[in-house]
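Chains, contacts and geometry: an overview
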Amino acid sequence: MAKLYLLIAAFFGGTGVVLGAFGAHGLRGKIAENLLEAYKTGVLYQMLHALALLGIALLIRHWGEKTSLLVSGGLFALGILLFSGSLYALAFGGPRWLGPVTPLGGLALIGGWTALFVAALSYSRS
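So, here's what we can say about the structure. (Residues numbered from 1 in each chain as written. Predicted model: local features only at pLDDT ≥ 70, side-chain atom pairs only at ≥ 80, totals over all residues. Heavy atoms only, no water.)

1. Here's the deal with the overall build of the protein chain
If you tally the helices and strands in the protein chain, you get four helices and zero strands. Seen through its C-alpha atoms, the protein chain measures out along the principal axes to roughly 55 × 25 × 20 Å. Expressed as a percentage of its 126 residues, the buried residues of the protein chain come to 37%. Here the contacts in the protein chain between residues at least 6 apart in sequence split such that 74% fall between residues at least 24 apart. With an accessible surface of roughly 7100 Å², the protein chain has 73% of that area assigned to carbon and sulfur atoms. (Helix = DSSP H or I, 4+ residues; strand = E, 2+ residues; numbered from the N terminus. Buried < 20%, exposed > 50% of the residue type's maximum accessible area, 1.4 Å probe, protein only. Contact = heavy atoms within 4.5 Å. Areas by Shrake-Rupley, 256 points an atom, 1.4 Å probe, with all protein chains shown as cover.)

So, in structure tokens, the structure goes:
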């Protein structure tokens, strides 16, 4: 699982850079400012959680495949897809029903951090 989460982190990190550059250079002046801000928020959260996934991959490698770490990584990946993905879609004129998907992604991200907290609580140097 460490390798899978590392691959997912690299994918989200790389696509986050591409999407950020596209937003900065290709979208300015082409979409409403509030939509551009939502897009930027999607990129920021994608990049932050790509780094979190990288950390999860390293922790799995170091601590082993603890359930809480596996859950954390899965929730981070799901959260990026739902949170950032819905913001990107809305910025490009996607259907309004995607609006409620964004907070579901946020809940997944919070769940990922909560699972990481649980992993940290159960950590022991044995």
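2. Focus on helix α2 (residues 33-63)
Every α-helix carries 3.6 residues per turn, so stepping three or four residues along brings you back to the same face. End to end, α2 covers 44 Å across 31 residues, agreeing with the expected 45 Å (1.5 Å per residue, within 8%). The elements touched by buried residues of α2 are α1 (2-27), α3 (67-91) and α4 (101-121). Among the residues trailing α2, G64 stands out with phi positive, at a value near 95°. (Expected span 1.5 Å × (residues − 1).)

3. Considering the packing of aromatic side chains
All told, the structure shown has seven aromatic pairs when counted by the stated rule. In textbook terms, an aromatic cluster arises when at least three aromatic residues are bridged by ring pairs, as seen for F22, Y39, Y88 and F92. (Phe/Tyr/Trp six-rings, centres within 6.5 Å; stacked < 30°, edge-to-face > 60°.)

4. Structural notes on the packing of α1 against α2
Two elements in contact, α1 and α2, have axes separated by 8 Å at closest approach and are oriented at 160°. Judged by the angle between their axes, α1 and α2 are roughly antiparallel. As α1 packs across α2, the resulting crossing turns out to be left-handed. Counted by class, the contact of α1 with α2 contains 20 nonpolar, six polar and one charged residues. (Axes fitted to C-alpha atoms, helices over the stretch in contact; angles between N-to-C directions. Parallel < 35°, antiparallel > 145°, perpendicular 65-115°, else oblique. Left-handed = near helix turned anticlockwise from the far one by under 90°. Nonpolar A, V, L, I, M, F, W, Y, C, P; charged D, E, K, R; others polar.)

5. Digging into the nonpolar core
Y5, F12, L53, I56, I60, L69 and F76 are the most contacted members of the largest nonpolar core, which has 19 residues in total. Those residues in contact with F12, other than ones at most four positions away along the chain, are Q46, M47, A50, L53, A77, I80 and L81. Counting seven residues, the second largest nonpolar core, distinct from the first, contains L27, I31, Y39 and A91. (Core = buried A, V, L, I, M, F, W, Y, C linked by side-chain atoms within 4.5 Å.)

6. Side note on α4
End to end, α4 covers 30 Å across 21 residues, agreeing with the expected 30 Å (1.5 Å per residue, within 8%). When we look at burial in α4, the residues that qualify are V101, T102, G105, G106, A108, L109, G112, A115, L116 and A119. Next to the buried residues of α4 lie α2 and α3.

7. Digging into the environment of T41
Mapping T41 onto the fold places it in helix α2. Once the C-alpha coordinates of T41 and L87 are considered, the two residues, 46 residues apart in sequence, prove to be 7.8 Å apart. Residue contacts for T41: discarding those within four places in its chain leaves F83 and L87.

8. Brief notes about the pattern of salt bridges
One pass over the structure, following the stated rule, counts one salt bridge. Between K40 and E37 there is a salt bridge, with the nearest N and O atoms lying 3.4 Å from each other. With K40 and E37 both in helix α2, this residue pair falls three residues apart, about one helical turn. On the basis of relative accessible area, K40 is assigned to the partly exposed category, the value being 34%. (Salt bridge = Lys/Arg side-chain N within 4 Å of Asp/Glu carboxyl O.)

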